[in-house]
Amino acid sequence: QHQEINEKIAQTLIQYCQAGLAHLSQSLNQKDAKSHEKRINYLSCLYDKALLLWWHNDIMLLLKEYNITDVIDIFNFKGSELQLAKAALRECRELSEKYRYPLMLLLIGSRQVGLDIEKASGESLINQTMKNLKKTKSTADFVHVTEWMKCMRKRNTAKKHDLVT
């Protein structure tokens, strides 16, 4: 019975994940992201898309473990989720560097580390961004960012997921 409940939960999770990805796809199709607010929204969508793609991959693997093969993959990813997640984070990084959004760069690096997607690149991004912040921000601001990053690192070292067990 426990496995039956887990299978139903996993099937429900994949539907929610796909709904989230569909919503993000619509948001990412926006044009004219020239204003600061639209740019931040676009970056946030890319950032969230990476997580949902990672979850989608993870849930699909879990469903395979349960021998559930009748799941409708509305995006027809066929196992490409992690490559797409990397691409989303890469685009997010490029735009964040272009428009100088250091907090988003720290978030991207933390997400890479937390999901183990190009982990070394994520660590490097965090270290470089922290060095730049130390040079350009007040001591008080830098201390706040350092404390925030400690919390992010703690969260990343916690178990990444425990979806349905």
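Residues numbered from 1 in each chain as written. Predicted model: local features only at pLDDT ≥ 70, side-chain atom pairs only at ≥ 80, totals over all residues. Heavy atoms only, no water.

## A look at the pattern of salt bridges
So, point 1. Applying the stated criterion across every chain yields a total of four salt bridges.
So, point 2. In this structure, the salt-bridge partner of Arg93 is Glu97, at a minimum N-O distance of 3.0 Å. Placement of the pair is Arg93 and Glu97 together in helix H3 (residues 81–98), with a separation of four residues, close to one helical turn.
So, point 3. Its relative accessible area of 23% is what places Arg93 among the partly exposed residues.
So, point 4. We classify Glu97 as partly exposed; its relative accessible area is 41%.
So, point 5. Where Arg153 meets Glu123, a salt bridge forms, and the shortest distance between an N and an O atom there is 3.1 Å. Placement of the pair is Arg153 in helix H6 (residues 139–157) and Glu123 in helix H5 (residues 119–136), with a sequence separation of 30 residues.
So, point 6. On the basis of relative accessible area, Arg153 is assigned to the partly exposed category, the value being 34%. (Salt bridge = Lys/Arg side-chain N within 4 Å of Asp/Glu carboxyl O. Helix = DSSP H or I, 4+ residues; strand = E, 2+ residues; numbered from the N terminus. Buried < 20%, exposed > 50% of the residue type's maximum accessible area, 1.4 Å probe, protein only.)

## Regarding the packing of aromatic side chains
So, point 1. Counted according to the given criterion, the structure contains two aromatic pairs.
So, point 2. For the pair Phe75 and Phe77, a centre-to-centre distance of 5.2 Å together with 20° between the ring planes defines the contact as stacked.
So, point 3. Taking relative accessible area as the criterion, Phe75 reaches 28% and is therefore assigned partly exposed.
So, point 4. A cation sits over an aromatic face here: Arg39 above Tyr99, 3.8 Å from the ring centre.
So, point 5. Residue placement shows Arg111 over the ring face of Tyr47; its charged tip is 3.7 Å from the ring centre. (Phe/Tyr/Trp six-rings, centres within 6.5 Å; stacked < 30°, edge-to-face > 60°. Lys NZ or Arg CZ within 6 Å of the ring centre and 35° of its normal.)

## A few points about the side chain of Asp73
So, point 1. Tracing the backbone through its elements, the reader meets Asp73 in the loop between helix H2 (36–65) and H3.
So, point 2. A distance of 3.0 Å separates a polar atom in the side chain of Asp73 from the backbone nitrogen of Phe77.
So, point 3. Beyond its immediate stretch of four places on either side in the chain, Asp73 contacts Gln18, His56, Met60 and Lys78. (Polar contact = N/O pair within 3.5 Å; in protein donor to acceptor, adjacent residues only side chain to side chain. Contact = heavy atoms within 4.5 Å.)

## Let's talk about the packing of H2 against H3
So, point 1. Running from amino to carboxyl end, H2 crosses H3 at an angle of 165°, the nearest separation of the two axes being 8 Å. Regarding the angle of H2 to H3, the classification is roughly antiparallel. Handedness of the crossing formed by H2 with H3: left-handed. Along the contact surface, H2 presents Tyr42, Leu43, Leu46, Tyr47, Lys49, Ala50, Leu53, Trp54, His56, Asn57 and Met60, while H3 presents Glu81, Leu82, Leu84, Ala85, Ala88, Leu89, Glu91, Cys92, Leu95 and Ser96. (Axes fitted to C-alpha atoms, helices over the stretch in contact; angles between N-to-C directions. Parallel < 35°, antiparallel > 145°, perpendicular 65-115°, else oblique. Left-handed = near helix turned anticlockwise from the far one by under 90°.)

## Here's the deal with the nonpolar core
So, point 1. The biggest cluster of nonpolar side chains holds 44 residues, and the ones touching the most others in it are Leu63, Cys92, Met104, Ile108 and Met130.
So, point 2. If you list the elements that add at least two residues to this core, you get helix H1 (2–28), H2, H3, helix H4 (102–115), H5 and H6.
So, point 3. Among the elements that make up this core, the one with the highest residue count is H2 (14 residues).
So, point 4. Apart from residues lying up to four places away in sequence, Cys92 is in contact with Leu43, Leu46, Tyr47, Met104 and Ile108. (Core = buried A, V, L, I, M, F, W, Y, C linked by side-chain atoms within 4.5 Å.)

## Description of H4
So, point 1. Taking 1.5 Å per residue as the helical rise, H4 with its 14 residues ought to reach 20 Å, and the 20 Å between its terminal C-alpha atoms agrees with that figure.
So, point 2. With twelve of 14 residues buried, H4 is to be regarded as a mostly interior element. (Expected span 1.5 Å × (residues − 1).)

## Some thoughts on the side chain of Asn6
So, point 1. Tracing the backbone shows Asn6 in helix H1.
So, point 2. Accessibility expressed as a relative area gives 5% for Asn6, which makes it buried.
So, point 3. In this structure the side chain of Asn6 is engaged in a polar contact, spanning 3.4 Å, whose partner is the side chain of Tyr66.

## So, the state of the cysteines
So, point 1. Scanning the entire structure with this criterion turns up zero disulfides.
So, point 2. You can see Cys45 has no disulfide; the closest cysteine sulfur is in Cys92, sitting 9.9 Å from it. (Disulfide = S-S within 2.5 Å.)

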